[in-house]
Amino acid sequence: MKKDKVKKNKIKHDKAKRRIYIRTFAALMVTYLLLMAGLSVFLLNLQCKFEDNLCYKNTVYISSAVIEDVLQNNIDSNNQMLDPEKFRKDCVDKLESLSYLNVDLAIFTRDGDLIYHSNNKWLCAYKDTVTKEYSKAGIYLEQWFTKEEIAEINNYMKADPNPKKEGDLYKYNIVLDGLWLDHGLVIPNKIVVTPLYAKEFDQNGTVLKYDSKSDIIFSSNYENTKELPYYQDGYMLSQPEPNKTLSKLSDVVLDKDRLQKLISEDHFETLDRVNLITARYYCPVPYPYYGEAKNYGDYWIILGFQKDLLQECIGSLLSVWISCFVLFMVVALILSTQNYKIYRKKVELEKLRSETTNALAHDLKTPLSIISGYAQNLIENIHTEKRDYYASNINVNVNRMDKIIREMLELSRYDTDFHKLIYEDVSLGEVCTKLMDRYSQVCKDRQLTVKLEGDATVKADFSLMERVVDNLFVNAIDFTPDAGTIQINIIDNRLEFYNSGSHIPEDMINEIWEPYKKADDSRSNKKGSGLGLSIASKIFKLYKFSYGVKNMDDGVTFWFKW
């Protein structure tokens, strides 16, 4: 039965422990996530302000200075473009790295004509009609074809068939059937896609011959009203990996209405927060600029700069998140442990309160019943010849109750943190001798043999040491059978009280220091209040003495060491 009760208590405590740990960790995790989310937003805002004040402007100044230098080298004294093709090539050479920095640059004439755009989605080659050599140029398909057509062309460009047998698709041949050059940018007449199918393979599976089928044609429907130079032959080279950031940025940079609005308002720089983690900077720079409002040159340099704020501060955020996570986990572990300790202490205190209340009621009930009975006899004049006997027993039981109450108050006093400790030299041999004399008649009546060996001096309060030894001595007397032996040894900073008799059950040996704890039924019949050993343990703890009890071959030994 006792084992089942212990097992049930263990299961109950384990459930409570899990519940406490889960609740504590969950509460701290929610707090952690909320704090980290707020801190992340704060850091992202700081990063945005920092970029606005430093990184954006620096990029604008550097990029505009480079492109102004290119413009200066390619225009005459009347600000007219000398060689658009050379200008475009110079721009590509000087500013090709901008796309890797999420920077988009466009150059417009004063009339709003686009003469250069850094974010050309496609690259093509065309054959010069005079030199018969091929030159590279950019083509901005969004100006000439629908999104669906561009997506289809893109699929043809990316197609990578793996022909295994005759008739399998080999590849797509994509050519430009006529094109115009407008300030270094290609305007396509038609893009012709020719599917090629495998016809003959070598031993390694490489296609040697192939057949073509019907062409797929995409027409721009452009009308050459500007008398632009025309070239017949060209072909598509490649398309850079899609960059959604630059794609959206290009829409802003190429927006002529936006440019005209800012010019009319004489307001240039704008910083837009696209979303929580993205900021976009837009800045048109006139060239040349004559230093007067509305007095702008013949060209506009448009710079768009988009920053992923999360990417910029991901290192700082990760270090903060990880370090704070570790900190919160440590705190959660500490709090969970402390909460569980508080829970156990509360359970133990509740258990102790219940046991103390029951034990106190039991200990007080007997003398109260005796007093009540004797007092009733005195009132009703029953056995008047025993009046002195009744009065004497009433007095004995009143004293017994008084002792129980005083010991309860003494135990409560030792539980407080305000007990002032006194340190003086106390001879334990002297204390033991004094108590042996005090209880000599009791020992003689029960034929108990009491022996004392050794002596030592301890730094403590004499009255408290006397109280400790008295409680241990009385405990030994109470649980030593008649004609038994009590041996007191003081050796090597250690005092031992041995008494012959029954053992203490091992599962109860650590509980007998608690108030009203009874090791077994035979011990519960004794006249003690059940507080003696508990008071002794409190005094030991005050002076930080180690103490304990152990079963011997034919008895029990209580000890403490200083």
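Heads up: the structure comes first, above all this text.
Trainee: Describe the nonpolar core, listing the residues and the values that go with them.
Mentor: Of all hydrophobic cores here, the largest spans 41 residues; its most connected members are Met465, Val468, Ile486, Phe497, Val549, Phe558 and Phe560. Among the elements of the structure, helix H8 (428-438), strand E16 (457-460), helix H10 (462-478), strand E17 (485-490), strand E18 (494-500), helix H12 (532-542) and strand E20 (555-561) are those that each provide at least two residues to this core. Among the elements that make up this core, the one with the highest residue count is H10 (eight residues).

Trainee: Can you explain a negative patch on the surface? Please cite residues and give values.
Mentor: A grouping of Glu142, Asp251, Asp255 and Asp257 is seen on the molecular surface, where their side chains present a negatively charged patch. The partly exposed category is assigned to aspartate 255, whose relative accessible area is 30%.

Trainee: I'd love a proper account of the sheet that holds E20, names of residues and values included.
Mentor: The strand order across the open sheet formed by five strands is E15-E17-E18-E20-E19, and the pairing between neighbours is mixed. Both edges of this open sheet fall to strand E15 (449-453) and strand E19 (546-551), since each of them pairs with a single strand only. The mean angle between the axes of side-by-side strands here comes to 10°, regardless of whether they run parallel or antiparallel. Note: E19 against E20, six bridges, orientation antiparallel. Bridging across to E20, asparagine 551 finds its partner in valine 556.

Trainee: Pulling in residues and values, what's your account of the pairing of E17?
Mentor: Taken across its six residues, E17 has five buried, putting it largely inside the fold. Of the pairings in the sheet, the one linking E15 to E17 comprises five bridges and is parallel in character. Bridge pairing in E17 places glutamate 453 opposite asparagine 489. As defined by bridge partners, E17 adjoins E18 across five bridges and the pair is classed as antiparallel. Residue pairing across strands places isoleucine 490 opposite leucine 495, the latter belonging to E18. Count of turn residues in the E17/E18 antiparallel hairpin: three residues, of which aspartate 492 carries a positive phi of about 50°.

Trainee: Quick rundown of the pattern of salt bridges? Include the residues and the values.
Mentor: Under the criterion given, the structure shown has ten salt bridges. With a closest N to O distance of 4.0 Å, aspartate 298 and arginine 110 form a salt bridge. You can see aspartate 298 sitting in strand E13 (residues 296-308) and its partner arginine 110 sitting in the loop between strand E1 (103-109) and strand E2 (114-117), a full 188 residues away along the chain. According to the relative accessible area criterion, aspartate 298 is partly exposed, its value standing at 24%. One salt bridge connects lysine 226 with aspartate 182, and the closest N-O pair in it is separated by 3.7 Å. Residue lysine 226 is found in the loop between strand E9 (216-219) and strand E10 (230-238), and its partner aspartate 182 is found in strand E5 (residues 169-182); the two are separated by 44 residues along the sequence.

The rules behind each value
Throughout this description, residue numbers start from 1 for each chain and increase along the sequence as written. Per-residue local features are limited, in this predicted model, to residues with pLDDT of at least 70; the limit for side-chain atom pairs, both in listing and counting, is 80 or more; totals at the level of whole chains, interfaces and linings are taken over all residues. Calculation of side-chain values draws on the structure's entire complement of heavy atoms; hydrogens and water are dropped beforehand. Among buried residues, those of type Ala, Val, Leu, Ile, Met, Phe, Trp, Tyr and Cys that are joined through side-chain atoms within 4.5 Å constitute a nonpolar core. Each residue is placed in one exposure class: buried if its accessible area under a 1.4 Å probe, protein chains only, is under 20% of its type's maximum, exposed if it is over 50%, and partly exposed if it falls in between. Runs of E in the DSSP output that reach at least two residues are strands. Runs of H or I that reach at least four are helices, and both are numbered from the N terminus. Distance thresholds for patches are 9 Å for like charges and 5 Å for nonpolar side chains (Val, Leu, Ile, Met, Phe, Trp, Tyr), applied to residues having over 30% relative accessible area and no salt bridge. Note on areas: Shrake-Rupley with a 1.4 Å probe; residue coverage comes only from the protein chains shown. In what follows, salt bridge is the name for a side-chain nitrogen of Lys or Arg lying within 4 Å of a carboxyl oxygen of Asp or Glu. This count recognises Lys and Arg as positive and Asp and Glu as negative, with His and chain-terminal groups excluded. Taken as the charge location is NZ of Lys, CZ of Arg, CG of Asp or CD of Glu. Only when DSSP finds a minimum of two bridges between them are two strands counted as paired. Inter-axis angles, ranging from 0 to 180 degrees, are taken between N-to-C directions of lines fitted to C-alpha atoms, where helices are fitted over the stretch in contact.

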